[in-house]
Structures are given as structure tokens and as C-alpha cells.
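# Structure at a glance
Chain residues, written in single-letter form:
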Amino acid sequence: MKKVGVLVCCRGSNLGALIAAQQSAAPYEIALVLSNIEGAGGLARAEAAGIATQTIPHKGKSRESFDAELDAALRAANVDLVCLAGFMRILSDGFARAWEGKLINIHPSLLPAYKGTRVHERVIEAGEAQSGASVHFVVPELDAGPVIAQASVPVHPGDTPEALAARVLEIEHTLYPAALRLLAEGRVRLENGLAVFG
Ligand code: GRF
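In this report, we go over the structure that sits alongside the text. (Residues numbered from 1 in each chain as written. Predicted model: local features only at pLDDT ≥ 70, side-chain atom pairs only at ≥ 80, totals over all residues. Heavy atoms only, no water.)

## Some details on the site of the ligand
All residues in the neighbourhood of the ligand are listed as R11, G12, S13, N14, G86, I106, H107, P108, L169 and E172. With respect to the ligand, the backbone of G12 contributes an N or O atom lying 2.8 Å from an oxygen atom. Contact distances for the ligand include 2.8 Å between an oxygen atom and a backbone N or O atom of N14. Relative to its unbound accessible surface of 370 Å², the ligand loses 85% to contact with the protein. Only helix 1 (13-23), strand 5 (103-107) and helix 6 (161-184) provide two or more residues apiece to the shell around the ligand. A class-by-class count of the residues in the shell around the ligand yields three nonpolar, five polar and two charged. (Near = heavy atom within 4 Å. Polar contact = N/O pair within 3.5 Å; in protein donor to acceptor, adjacent residues only side chain to side chain. Areas by Shrake-Rupley, 256 points an atom, 1.4 Å probe, with all protein chains shown as cover. Helix = DSSP H or I, 4+ residues; strand = E, 2+ residues; numbered from the N terminus. Nonpolar A, V, L, I, M, F, W, Y, C, P; charged D, E, K, R; others polar.)

Written out as C-alpha cells, the structure reads:
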């Protein structure tokens, strides 16, 4: 049973999906939910499920010292794996390297397309016929780590960014627990910069 730390900023619906999967038999246990934002929705979800939470404000701290506090909290909780779930802060290279192969993120596009922000707006502007979500290993370069799992959804004519975001979010909630399960069971690993399966 792998111990998991989840980093959230805000709403935390993906955290909710990870908690729901855990409650119906998963090879992981969420040991700690961390946020830099006091009162983040994700913290309330964790508390309701009886999961330990901690808020580590980032204001007035360098990226490195904030990340060192995150690292210390995760290690104090004996965490094996870390999931970013809507964590809207860029992590330092040092943090990404320290957790290499154990740190994953979910991004609302079919990576490597549409890294970064304003994803749904850009997908619609470009006239794409499909979009989706990706779970990937985190490496120092933003949204560039090897993909573990992806799922796609259609982009409908006349879609708004909000409508597309909602469609993508729905598949995120299945994709993230499935990808975390693969990692927790050792069925995927990061090797020489590649996601290796089996
Ligand atoms: C999701 O769309 C995720 O892909 C992105 O941020 C959003 C987080 O949503 N990284 P939630 O906080 O999990 O509801």
C-alpha cells in the first residue's frame, strides 16, 4: 500500500475522485493533502474523508524555501508518491528532481499539445476536433514529463471553454485514479526519461 500526498490549490474535484477510488479498494492510501491556499475546497474534501491536511502559505517565501517546506511535510508523513491535483504553482527544479518518478500531475489537454494555461480557449480557437486529459510524470520543464495515461473527448461546434472544461474534467476523474493505480502497483515507472510500462 503506497502512501500518497496530494497537492491542491482550489476546488479539488480530482482529489475527490482519488479519495472515492481509494474508498473502493485502491493500492494507495492518501496520507496527506497539502495546499498553499487557506480554505481551499480540496482541504475540506480531505477533512470530510478523515485525511490529514496542512496549509503551507507561499506568500513572502522564495520558491525554494516554500518547496523545502512542502518536501519536509511530505517526508514527515512518510509519503511514497505525490499527486498534483490542480496545484497552480510551478515547482522548483530541485523539488521535481527530488521526487522524480514519484511525482505526477494531471493536465487538461492531450499532451504534448497545449501545455500551460488557457488550454480550452486555445483548443477551441485552433479549431481542434478533439481534446482530452493527460496524467504525466513531473519533470523540471513545465507539462513536459512522460505521459502515463490519456483520454480524449470531442470538441463540439460552438463549444465554450467552460463546456469543454466540464467535459474534460469528467474524464479526468476516471483517468487520474487509473494512472495513480498503475504507478502505485509498479506497473509504470520513469526510466531514462521515459514512461516504461509492465
Ligand atoms: C483540472 O482541470 C486539472 O487538469 C488541472 O486543474 C484542474 C483542477 O481541478 N491541472 P480540480 O481542482 O481537481 O477540480
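## Quick look at the sheet that holds strand 1 (residues 2-8)
The strand order 3-2-1-4-5-6-7 describes an open sheet built from seven strands, whose pairing is mixed. Edge positions in the sheet fall to strand 3 (53-55) and strand 7 (147-154), since each of these pairs with one other strand and no more. When the angles between neighbouring strand axes are averaged without regard to direction, this sheet yields 20°. Pairing geometry for strand 2 (residues 28-35) and strand 3, over three bridges, is parallel. For S35, the partnering residue across the bridge sits in strand 3 and is T55. Helix 6 contacts strand 1, strand 2, strand 4 (81-85), strand 5, strand 6 (130-137) and strand 7 of the sheet and is inclined by roughly 155° relative to strand 7. (Pairing = 2+ DSSP bridges. Axes fitted to C-alpha atoms, helices over the stretch in contact; angles between N-to-C directions. Contact = heavy atoms within 4.5 Å.)

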